[in-house]
Amino acid sequence: MYALVDANSFYASAEKVFDPAIRQRPVVVLTNNDGCICALCENAKQLGVKKFGPYYKVKGLLARHNAVIRSSNYELYDYLSNKMMQVIGEYAPDQHVYSIDECFLHFDTWQPEAGWKAHAAAIQQAVWQQLRLPVGVGIAATPTLAKVASFAGKRLGDQNGIAVLDSPQKVEEVLRAMHVQDVWGVGKRIAARLENQGIHSAWELANSCPKALRKQFSVELERTVRELNGVTCIQWDAERANKKQIYSTRAFGHPVTMQQALRESLCWHAEKVAEKLRRQGSKASLLTLFTHANPFANTRQYHKAVQHRFAQPTNDTRALVEAASRASVDLFKAGILLHKCGVGAIEIVDTEQEQTDMFAQLTHNPKLMQCMDAINTRYGSQTIGAAAKGIHPDWKMKREYLSPQYTTNWQHLPKIAC
Amino acid sequence: MLQIIPVAAQAGISGFESPAAEYKQLALDLDELLIEHPNATFIGQAKGDSMTGVGIFDGDLLIVDRAAAATSLDVIVANLNGSFVCKLYDRNSQVLLSPGLDHQPYALGEGDIFEIEGIVVRSVRMHRYVRWLSQCMR
């Protein structure tokens, strides 16, 4: 059996952990320079506010309902996520952390004495008791069905966040009540095409011919169908496939008009991309670097991108930062209010499968990079790095409504009245 | 912000190996002593003087364990009507005691929001100024 455990509105719930004053209030978390809504607690959802919408459109409504607005406090979420995964991990022999707020458990042939419902409730209870985070638990025979169960636990039945699909009857009942688009691995576009063929519910998808769907769509969809029928096809390694492109990009906190600020920001992104490349054991051979004005603003429009090909694929921070620093000269244009910039590694090779050029001058230093990554892992990200990104950047992301860093900064410890 | 990384100074001079090297053990770790359930524990800071009778003073660190077993009389941190408070909790009579000078017991009523956050399993006094804890932001 497999379980999917995921936190309810994780970012919004995390904001409530150390701030009891807001636990009963609607909480909305913003991202991207406080422009977009990325999480809503249950109370906020009931106001009719939608996820991923622009904040300014619902600002008035939220203010009228005394909602709490927060910028994304990644330090806090990361800390709570790690703790949560550790607590959950104690309930199964095998755990796969899928994202910041959800993980799969694989029980294999093990069975809890008190039954699956009780086991699911124990997980929910433990996470709540130890961290004050609400989670849902879905248990079924395959990862995809565990996702289905998780959906059922939240949207169907008694909605206490727990569902166990341990018989064909229960699986059928839920799949019949579920729209095909809500199946894990079926996107909006695929769902639209499936609907054209008369496949509307998850149950109809489960009863389609997997081979035909493979021909028409992809091998992934074939796997989804097989998983809905109780045959495990998803392997964690396959799920963790390396990214084929790696981007780091963000809007500036306020418009940038100086080349120095653009350069610092590009170098900051280059450093992030280099770090991500090393984490997945890849090197970049082609970088794209870009900046543009705000396309939605009534100011002069501008968009420029340059590419940089490395003589030899690299993931050395210094090489990427150097490329970014040079690119800033070409990308900058005086008189433009720059809104956003970014760096992307668009051609990537695996370090293991790399072909080296015997005449190439190796500029990278893997040991130095390893050492740098180790220091940054231990003492916090960006403890050391390229000075080119600046020390007191004034282009940084806007996080106006940031809550304290309760768990990562001594000065922000939660205060307790005595 | 400049961060200082503490690294033991080494001169790189090697001579005879210390005969004690074989007996090297891991250094004592305060976390091990103070924190029993790492996933369920958080640190807070005491504000106020209502708990001086049990040795908790303004500015002390409170180590709060959400997984510790409860007894009939515990020093707890609770959410009382939307604020974190630290009190001595008499479970049987549902009263929050403040063992400081001149503080009255608080009997929990029906209108109160009351959630126990955890049990204060240790508290830490700072007898001297600690740079890390100064400059409270809020």
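The structure displayed is predicted, hence computed values, not measured ones.

Visitor: How should I be thinking about the overall build of chain B in this particular structure?
Guide: When its secondary structure is counted, chain B shows 1 helix and 7 strands. Going from the N terminus to the C terminus, chain B shows its helices and strands as α-β-β-β-β-β-β-β. Here chain B holds 138 residues, and the buried ones make up 32% of them. Accessible surface, chain B as shown: approximately 9600 Å² in total, 56% of it carbon and sulfur.

Visitor: Help me out: how do you make sense of the side chain of Thr-144 of chain A in this one?
Guide: Residues and elements named next belong to chain A. Looking at the secondary structure, you find Thr-144 in helix 6 (residues 143-155). Overall, the relative accessible area of 1% leaves Thr-144 in the buried class. Of the polar contacts made by the side chain of Thr-144, one reaches the side chain of Glu-227; its length is 2.6 Å. Other than its neighbours up to four places away in sequence, Thr-144 contacts Val-183, Trp-184, Thr-224, Glu-227, Leu-228 and Ile-234.

Visitor: Looking at this model, I keep getting lost on the interface of chain A and chain B. Mind explaining?
Guide: The figure often quoted for interface size is the accessible area lost as the parts come together. On the side of chain B, 42 residues touch chain A, which itself brings 29 residues to the contact. Across the chain A/chain B interface, buried area totals approximately 3200 Å², and carbon plus sulfur atoms make up 56% of it. It is Gln-411, Ile-416 and Cys-418 of chain A that lose the most area in chain A upon contact with chain B, and together they represent 25% of the buried surface on that side. The interface formed by chain A and chain B contains 3 salt bridges. Two residues, Glu-117 of chain B and Arg-23 of chain A, come together in a salt bridge whose shortest N-O distance is 2.6 Å. On inspection of chain A and its partner chain B, the count reaches 13 residue pairs in polar contact (both at pLDDT 80 or more).

What counts, and where the lines are drawn
- Residues numbered from 1 in each chain as written.
- Chains lettered and ligands numbered in written order.
- Predicted model: local features only at pLDDT ≥ 70, side-chain atom pairs only at ≥ 80, totals over all residues.
- Heavy atoms only, no water.
- Helix = DSSP H or I, 4+ residues; strand = E, 2+ residues; numbered from the N terminus.
- Buried < 20%, exposed > 50% of the residue type's maximum accessible area, 1.4 Å probe, protein only.
- Areas by Shrake-Rupley, 256 points an atom, 1.4 Å probe, with all protein chains shown as cover.
- Polar contact = N/O pair within 3.5 Å; in protein donor to acceptor, adjacent residues only side chain to side chain.
- Contact = heavy atoms within 4.5 Å.
- Buried area = accessible area lost by both parts, 1.4 Å probe.
- Salt bridge = Lys/Arg side-chain N within 4 Å of Asp/Glu carboxyl O.

On their own, these measurements won't tell you what the molecule is for.
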